[in-house]
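Now for the letters of each chain:
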Amino acid sequence: MKQIRYDCCMEISESNLAALSSFALVAQEYVDFINSFRYGKPDRLYSHLEELLQRLHQAILPVETETAEQEHEEFESLSMTMDEHAAVSRLIHEHVAAESLELQEWYEELIGSDSSGANEYHVTRSFMLFDDLADIYRDLRNGL
């Protein structure tokens, strides 16, 4: 298998480069989808998210894990700032808050007086959907 050497980084096989390129296309699609929230709530928001997240998962599976030989601090300046991440979180929350609250209330009603706390995780996760989606956005955008 042919290896490609990148001066700044490491050797990457052609097959892994192809897998990374395919993943990057889907990652960019997710980033663009979240960016579209600036223009209003997208049609079929949840079905589109479900489809995109599934495609992201499928696209990352063939990617081989590679570790750079050295740190490249010069790329840190390209990462999202905390303020940018907070703005994206608020933007997503704006469009999913009603359904997240509804789901949270449903879970709370479902678990009732369950004092074990075992189901509290699901209640928290349903309310924090916006935060999870924003974290995915940040990780993908930083990687792109």
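Residues numbered from 1 in each chain as written. Predicted model: local features only at pLDDT ≥ 70, side-chain atom pairs only at ≥ 80, totals over all residues. Heavy atoms only, no water.

The subject of this paragraph is the packing of aromatic side chains. Per the stated rule, a full pass over the model turns up one aromatic pair. Aromatic pair Phe33 and Phe37: ring centres 5.4 Å apart, planes at 80°, arrangement edge-to-face. (Phe/Tyr/Trp six-rings, centres within 6.5 Å; stacked < 30°, edge-to-face > 60°.)

Attention now goes to the confidence of the model for the protein chain. Detail in the predicted coordinates should be disregarded across regions flagged by low pLDDT. When pLDDT is averaged across the protein chain, the result is 84; 82% of the residues are at 70 or more. Helix 2 (residues 45-60) holds the highest mean pLDDT among the elements of the protein chain, 96, whereas strand 1 (residues 3-5) holds the lowest, 46. The model gives residues 1-7 a pLDDT under 50, and that stretch makes 17 contacts with residues more than four places away or in other chains. (pLDDT = per-residue confidence, 0-100. Helix = DSSP H or I, 4+ residues; strand = E, 2+ residues; numbered from the N terminus. Contact = heavy atoms within 4.5 Å.)

Here we come to helix 3 (residues 82-111). A turn of α-helix holds 3.6 residues, and therefore any two residues three or four places apart point the same way. If you check helix 3, its first and last C-alpha atoms are just 35 Å apart, much less than what 30 residues at 1.5 Å a residue would give, namely 44 Å. Along its length, helix 3 reaches its greatest deviation from straightness, about 60°, at Val96. Turning to helix 3, its buried residues are His85, Val88, Ser89, Leu91, Ile92, His95, Val96, Ser100, Gln104 and Ile111. Just beyond helix 3, the residue with positive phi is Gly112, at close to 55°. (Expected span 1.5 Å × (residues − 1). Bend = angle between axes of the 7 residues up to and from the residue. Buried < 20%, exposed > 50% of the residue type's maximum accessible area, 1.4 Å probe, protein only.)

So, on to the packing of helix 3 against helix 5 (residues 129-143). For the pair helix 3 and helix 5, the least separation of the axes is 8 Å and the interaxial angle reads 145°. For helix 3 against helix 5, the interelement crossing comes out right-handed. Facing Glu84, His85, Val88, Ser89, Ile92, His93, Val96 and Ser100 of helix 3, the residues of helix 5 in contact are Leu129, Phe130, Asp131, Leu133, Ala134, Asp135, Tyr137, Arg138 and Arg141. A class-by-class count of the residues in the contact of helix 3 with helix 5 yields eight nonpolar, four polar and five charged. (Axes fitted to C-alpha atoms, helices over the stretch in contact; angles between N-to-C directions. Left-handed = near helix turned anticlockwise from the far one by under 90°. Nonpolar A, V, L, I, M, F, W, Y, C, P; charged D, E, K, R; others polar.)

Ranked by internal contacts, the top residues of the largest apolar core, which has 25 residues, are Tyr30, Ile34 and Ile92. Those elements giving two or more residues to this core turn out to be helix 1 (14-35), helix 2, helix 3 and helix 5. Aside from chain neighbours lying at most four places away, what touches Ile34 is Val88, Leu91, Ile92 and Tyr137. (Core = buried A, V, L, I, M, F, W, Y, C linked by side-chain atoms within 4.5 Å.)

Bringing a nonpolar patch on the surface into the picture now. Together, Leu103, Trp106 and Leu110 line one region of the surface with nonpolar side chains, adding up to about 320 Å² of accessible area. For Trp106, the location among the structural elements is in helix 3. (Patch = residues over 30% accessible without salt bridge, like charges linked within 9 Å, V, L, I, M, F, W, Y side chains within 5 Å. Areas by Shrake-Rupley, 256 points an atom, 1.4 Å probe, with all protein chains shown as cover. Salt bridge = Lys/Arg side-chain N within 4 Å of Asp/Glu carboxyl O.)

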